[in-house]
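Given next are the chains, with one letter for each unit.
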Amino acid sequence: MTLTGKMLIGQHATTGNREAIRAVNPATDTPMEPAYPGGDREHVAQACALAWAAFDGYRETSLEARAAFLEAIAAHIEALGDELIERAVAETGLPRARIQGERGRTCGQLRTFARTVRAGEWLDVRVDPAQPQRQPLPRPDLRQRHIALGPVAVFGASNFPLAFSVAGGDTASALAAGCPVVVKAHGAHPGTSELVGRAVAQAIQACGLPEGVFSLLYGSGREVGIALVTDPRIKAVGFTGSRSGGVALTQAAQARPEPIPVYAEMSSINPVYLFPAALAARGEGLAKGFVGSLTQGAGQFCTNPGLVIGVQGPALDRFISTASELLPTCAAQTMLTPGIFKAFDSGVTALTEHARVSAKGLAAEGPNQGQAHLFVTPAKDFLANEQLQAEVFGAASLIVVCASNEEMHQVSEHLEGQLTATLHLDDDDLPSAKALLPVLERKAGRLLVNGWPTGVEVCDAMVHGGPFPATSDSRSTSVGTAAIQRFLRPVCYQDFPDALLPDALQHGNPLLLRRLLDGQREA
């Protein structure tokens, strides 16, 4: 498939008229062809108009038709073969195996949402039949289902060119809910985005769906993004990226005459707690696991362990010593873009001014390669300096040494909202961990025991979210089947004749859904 450098507004390939973006191969620091001219407000308006025109029809597609559409997207992505893998590798500097795995995850989550759609439980059907004889007042017939919010704007992420991008989790969950999607491609991987966008467009055509169900736009500045979020036909936003970007979009959405929800995943340093018995029993193994998690993928994961917390003592000293011996053997790795590398370098420089450098990885041997760093600071300094809590996107982590369990609690209370919090413990640590757990439940969306936060399973029980600034809405998740709930709202139907009710609410239950019937869940 020849890359065209064009946007997709529905089924129409369109050339933008604003400044072009061009991918840069971060491993060689060289620009790539083709250039992708950006869109303007008129292009955004065209895409949103198509999405709005498609909305009412698409949201009432049958469960089977919508599930088949999601599966068709996955099949068309897989049909791209090596062309997609090679372009994504070139645009991101990520290894081939990582991109292949991410393609599998992307297609897997599309098929997982297809299963979810077919099951229909996300409709959350509730039926309270009429009670005309009830005293002192009769009860009307009341029926509730969830419907799609409306067209959704999705912003592709830099660090996951497939799984959090054009056909990633935000797009998949919005389409599953019945929402048309307008994607703003990330400027770091426009070619990968075009390939995937065209696969989605092909699936729409093959399934006979309205063309406005999906559009793909490019833009180098703020014009396209702000125009998308403020277009009155857009009813929700999915975003994965920087704290500043997420906050700007949230503020724009709230300033609209009709404010809309923005589900932004932004900033997290993912604290890891090392309890004394676990450290004493297996400190060296913990240090090895920590260094592996820290340096995986050049540390370019939103769940990277950027903070380690423990109580001072010989066991913690051994952990720091072992990690500091291991890190200098870790090669510098190519980061996703020159801009991300520069931001990482600036973040490391800032941490160096406020904390002690305990170890560094091997020095860079090529452009845009991030050198891993490990820092150590006493808890009192961490509590006194907000800059020590800033996220550094890459392989950099700070160990906070606490004088006591009480100081560990102080540090925990001081933390901002997080995506994850990890506890390494043995049986003797359970009382201390239990005492800390209420704090961590308030601070994080996912709590782990004796694992590492990198790696997010796509499944029904996963939560990838958390209190601000981890996300802009702590009630939601961007990974797992519960992500569909972000793009739904409840509607109640009172005393409707059966012929006027949607299929999900009809008396005969033609969709065979598990309803909440008069307060009891049906088998």
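- As recorded by an unreviewed UniProt entry, the chain carries the name 2,5-dioxovalerate dehydrogenase and is attributed to Pseudomonas simiae.

What to know about the sheet that holds strand β24 (residues 516–517)
Here is step 1: Read across the sheet, five strands follow the order β23-β8-β7-β24-β25 without closing on themselves; strand pairing throughout is mixed. In the strand order of this sheet, the two ends are held by β23 (488–494) and β25 (520–521), each with one partner.
Here is step 2: Where strand β7 (residues 126–128) meets β24, two bridges bridge the pair, whose relative direction is parallel. Across the sheet, residue V127 finds its bridge partner in β24, namely L517.

Remarks on the pattern of salt bridges
Here is step 1: One pass over the full model with this rule turns up 27 salt bridges.
Here is step 2: Residue R59 is joined to D56 by a salt bridge in which the shortest nitrogen-to-oxygen separation is 3.1 Å. Separated by three residues within a single helix, R59 and D56 lie in helix α1 (residues 41–59), roughly one turn from each other.
Here is step 3: Among the residues examined, R59 registers a relative accessible area of 22% and is labelled partly exposed.
Here is step 4: Look at the salt bridges and you will find they share partners, linking D56, R59, E60 and R145 into a network.

Comments concerning the UniProt feature "domain: Aldehyde dehydrogenase" (unreviewed entry) in the chain
Here is step 1: UniProt records the feature "domain: Aldehyde dehydrogenase" (unreviewed entry) for residues 17–457 in the present numbering.
Here is step 2: The span residues 17–457 shows a helical share of 44% and a strand share of 20%, and its end C-alpha atoms are spaced 40 Å apart.

Considerations on helix α7 (residues 223–230)
Here is step 1: In terms of burial, α7 is largely enclosed, as six of its eight residues are buried.
Here is step 2: Turning to α7, its buried residues number three or more, namely V224, G225, I226, A227, L228 and V229.
Here is step 3: Of the surrounding elements, those touching the buried residues of α7 are α1, β9 (152–155), β10 (181–184), β11 (214–217), β12 (236–240) and α8 (243–254).

Focus on the packing of helix α2 (residues 63–79) against helix α5 (residues 169–177)
Here is step 1: Running from N to C, α2 and α5 cross one another at 155°; their axes reach a closest spacing of 9 Å. Here α2 lies roughly antiparallel to α5, going by the angle between them. The chirality of how α2 crosses α5 is right-handed. Along the contact surface, α2 presents R66, F69, L70 and I73, while α5 presents A172, L175, A176 and A177.
Here is step 2: Residues belonging to the contact of α2 with α5 are distributed by class as follows: seven nonpolar, no polar and one charged.

Here is what the cut-offs are and how they apply
- Residues numbered from 1 in each chain as written.
- Predicted model: local features only at pLDDT ≥ 70, side-chain atom pairs only at ≥ 80, totals over all residues.
- Heavy atoms only, no water.
- Pairing = 2+ DSSP bridges.
- Helix = DSSP H or I, 4+ residues; strand = E, 2+ residues; numbered from the N terminus.
- Salt bridge = Lys/Arg side-chain N within 4 Å of Asp/Glu carboxyl O.
- Buried < 20%, exposed > 50% of the residue type's maximum accessible area, 1.4 Å probe, protein only.
- UniProt positions renumbered as here; feature names shortened; annotations may be inferred.
- Contact = heavy atoms within 4.5 Å.
- Axes fitted to C-alpha atoms, helices over the stretch in contact; angles between N-to-C directions.
- Parallel < 35°, antiparallel > 145°, perpendicular 65-115°, else oblique.
- Left-handed = near helix turned anticlockwise from the far one by under 90°.
- Nonpolar A, V, L, I, M, F, W, Y, C, P; charged D, E, K, R; others polar.

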